[in-house]
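# Descriptive structure summary
Residues per chain, in single letters:
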There are 2 protein chains.
Amino acid sequence: MARTQTTTAQNYLKELYQLQQRSDGHAPVPLGQLADSVGVTPGTATTMVKRFAGDGLMRYTPRRGARLTPKGEKVALGVLRRHRIVETFLVQHLGLDWSEVHEEAEVLEHAVSEKVLDRLDALLGHPTTDPHGSPIPPAHGKMQRVAMRPLSRCKAGQRVTIGRLLDTAPGFLKLAETLGLVPDTQVRIVEVNEDADAVTVRIGRRKPATLGLAAADKIMVSND
Amino acid sequence: MARTQTTTAQNYLKELYQLQQRSDGHAPVPLGQLADSVGVTPGTATTMVKRFAGDGLMRYTPRRGARLTPKGEKVALGVLRRHRIVETFLVQHLGLDWSEVHEEAEVLEHAVSEKVLDRLDALLGHPTTDPHGSPIPPAHGKMQRVAMRPLSRCKAGQRVTIGRLLDTAPGFLKLAETLGLVPDTQVRIVEVNEDADAVTVRIGRRKPATLGLAAADKIMVSND
DNA sequence: ATGAACACTTTGATTATTCAAAATAAATAT
DNA sequence: ATATTTATTTTGAATAATCAAAGTGTTCAT
Ligand SMILES: [Mn+2]
Ligand SMILES: [Mn+2]
Ligand SMILES: [Mn+2]
Ligand SMILES: [Mn+2]
């Protein structure tokens, strides 16, 4: 109950939430992964997770991993909501580049009060996704799950729309912007070459762009 | 050099700066006062101040008190600048009440980056004072010192303009707003009664308002 | 001067968070 | 089935920040 409000706890909870999403079954997330995401050594993660479990925020099975409890998930979603609304504000109202807002939001997500958040949300017109296409958890109620697949799983000839960028690294986002691979943009899959480990796409009549599969894995798209 | 960036250090430095302003001579500020302002016990203040002195942020004379070094003052002014720009933003762009923005800014002042600060500053049109009339330290260069005296030192019959409210307590600010005692408002001093410990003022043709001297002490005014 | 009062400092603990290195368990390979 | 490798957990130690209570130095009043 206590740790809920510290920046540290918020980060652990938020990261665990995101890890759960990815490898989503009901399988616990190995603490090594959590440690990586949070940026601490594995031993530290073990120590902290045991504490959060004691606080009723996570469920922990030694050697297997951790999962958020409903209570922990509630906190995590709150942090994620603040993070994404802040990012949206920074881009739309302060004109920061979308490649740099993640870092800013990583700090501000812990400093914005409920009241300020509500005002920002209203000012932005209650957005449902952040600048990278990630869904903004609603203040109340469940978050919409949009079905998307990575660009790397598309077939040549398909026409898809960029929905969401999964990597927050400034370099990656900068590149994606340069290539025009931003949410809501339609692209045509020119070629998928598993052997060359590459995907070639084309936006309108621009010159085709080729990406490695690892990068294409981070770009989620939907049909039409 | 290390502590400069922690929230705790920023608070100590900022509070010390403000205390220095008030009792300004070059006299050191007793640690008891600093402890009060920061909200810790005196022993804690002693411990911390010794550390900050070691970091070259404060100069400390046991039993007498502490002063900021030029380096410490630079940090303090930065925090104050962030605090006041954030307050101004919260009032002017998010529409929060001026009585509640201080608390919000107390947290956000530690989370806003230089880049975000610059954008906010530009968005606000480079304001020179915050909603309570306090001067916003400029990004570079010295802060302007405006001469003002407390409402409590005015004489009956004088016409003065409210310049700045020194108390950040929501209750006080709420009251001041109700009475119309906000920066840039002209008021007439109806009566100053030292014995009754009261000052009566009048704004335009509203009904006169009477304040205790303690409250009037927190309201700084200038002539004309 | 002499002893209160008062202010400030020290001391001894505590909580939160983290790391490095040693210990252990689980999974893999031979 | 071993031996080896890899993932996790434990242990022992820091650092930052804080408090309560005991100790000291100063200031004041008589
Ligand atoms: Mn982000
Ligand atoms: Mn964060
Ligand atoms: Mn303020
Ligand atoms: Mn603060």
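So, a few notes on the structure that sits alongside this text. (Residues numbered from 1 in each chain as written. Chains lettered and ligands numbered in written order. Predicted model: local features only at pLDDT ≥ 70, side-chain atom pairs only at ≥ 80, totals over all residues. Heavy atoms only, no water.)

### Overview of the relation of the copies chain B and chain A
Basically, it comes down to this: The copies were overlaid with a least-squares fit restricted to C-alpha atoms from residues scoring a pLDDT of at least 70 in each copy.
Overlaying chain B on chain A yields an RMSD of 0.1 Å, the required transformation being a rotation through 180° with an accompanying axial translation of 0.0 Å. Taken together, the rotation and translation describe the operation of a two-fold axis. No C-alpha of chain B approaches the rotation axis more nearly than that of Ala111(B), which lies at 3.3 Å.

### Section: the coordination of the manganese ion (ligand 1)
Residues and elements named next belong to chain A. Worth spelling out the cut-off: Metal sites are built from N, O and S donor atoms within 2.8 Å, or 3.2 Å for Na, K and Ca, and they leave out water, so they may look incomplete. Counting from the N terminus, the helices are the DSSP runs of H or I reaching at least four residues and the strands are the DSSP runs of E reaching at least two. Burial here depends on accessible area, computed with a 1.4 Å probe over protein chains only, as a share of the maximum for the residue type. Under 20% is buried, over 50% is exposed, and the range in between is partly exposed.
Only His83 (NE2), Glu87 (OE) and His102 (ND1) from the protein reach the manganese ion (ligand 1) as donors, at distances of 2.0 to 2.2 Å. Each donor residue of the manganese ion (ligand 1) belongs to the same chain, with the gaps between them written as H-x3-E-x14-H. In this pair, His83 and Glu87 are both assigned in helix α4 (residues 70–92), four residues apart and thus about one turn of the helix distant. Taking the relative accessible area as the measure of exposure, His83 reaches 4% and is therefore buried.

### Side note on empty space enclosed by the protein
Inclusion rule: In the cavity and pocket records, a cavity denotes points on a 1 Å grid over the protein atoms alone where a 1.4 Å probe fits but cannot get out, a pocket denotes an open set with protein on both sides within 12 Å along at least 5 of 7 lines, and lining residues are residues with an atom within 4 Å of a point. Grid points are joined across faces, edges and corners, and a volume is the space filled by probe spheres set on the points. Here the nonpolar group is Ala, Val, Leu, Ile, Met, Phe, Trp, Tyr, Cys and Pro; Asp, Glu, Lys and Arg are the charged ones; every other residue, Gly included, is treated as polar.
This model, assessed by the stated rule, comprises one cavity of 30 Å³ or more. Considered as a void within the structure, the largest cavity measures approximately 180 Å³ in volume. Forming the walls of the largest cavity are 16 residues, and the residues nearest its centre are Phe89(A), Leu108(A), Leu120(A), Phe89(B) and Leu108(B). Broken down by class, the residue content of the lining of the largest cavity amounts to 16 nonpolar, no polar and no charged.

### Re the packing of helix α1 (residues 7–22) of chain B against helix α3 (residues 42–54) of chain B
Residue and element names in this part refer to chain B. The cut-off we apply is this: Note on definitions: angles span 0 to 180 degrees between N-to-C directions of axes, and those axes are lines fitted to C-alpha atoms, for helices only across the stretch in contact. Angles are sorted into four bins: roughly parallel if under 35 degrees, roughly antiparallel if over 145, roughly perpendicular if 65 to 115, and oblique for all others. Contacts were defined at the residue level, with two residues in contact if any of their heavy atoms lie within 4.5 Å.
Where α1 meets α3, the closest approach of the two axes is 11 Å, and the angle between their N-to-C directions is 95°. Taken together, the axis directions place α1 and α3 in an arrangement best described as roughly perpendicular. Across from Thr8, Ala9 and Tyr12 in α1, the residues of α3 making contact are Thr44, Ala45, Met48 and Phe52.

### Observations concerning the coordination of the manganese ion (ligand 4)
Residue and element names in this part refer to chain B. Looking at the manganese ion (ligand 4), one finds its protein donor set to be Asn11 (OD1), Glu106 (O), Glu106 (OE), Glu109 (OE) and His110 (NE2), positioned 2.0 to 2.4 Å from the metal centre. All donors to the manganese ion (ligand 4) come from one chain, and their sequence spacing reads N-x94-E-x2-E-H. Of this pair, Asn11 sits in helix α1 while Glu109 sits in the loop between α5 (101–108) and α6 (114–123), placing them 98 residues apart in sequence. For Glu109, a relative accessible area of 0% translates into the label buried.

### Details of the sheet that holds strand β3 (residues 149–150) of chain B
Let me state the cut-off plainly: At least two DSSP bridges between two strands are needed for those strands to be called paired.
The antiparallel open sheet is built from six strands, whose spatial order is β3-β8-β4-β5-β6-β7 (chain B). Each edge of the open sheet is held by one strand with a lone partner, namely β3 and β7 (209–212) of chain B.

Everything listed is a geometric property; what it means functionally is a separate question.
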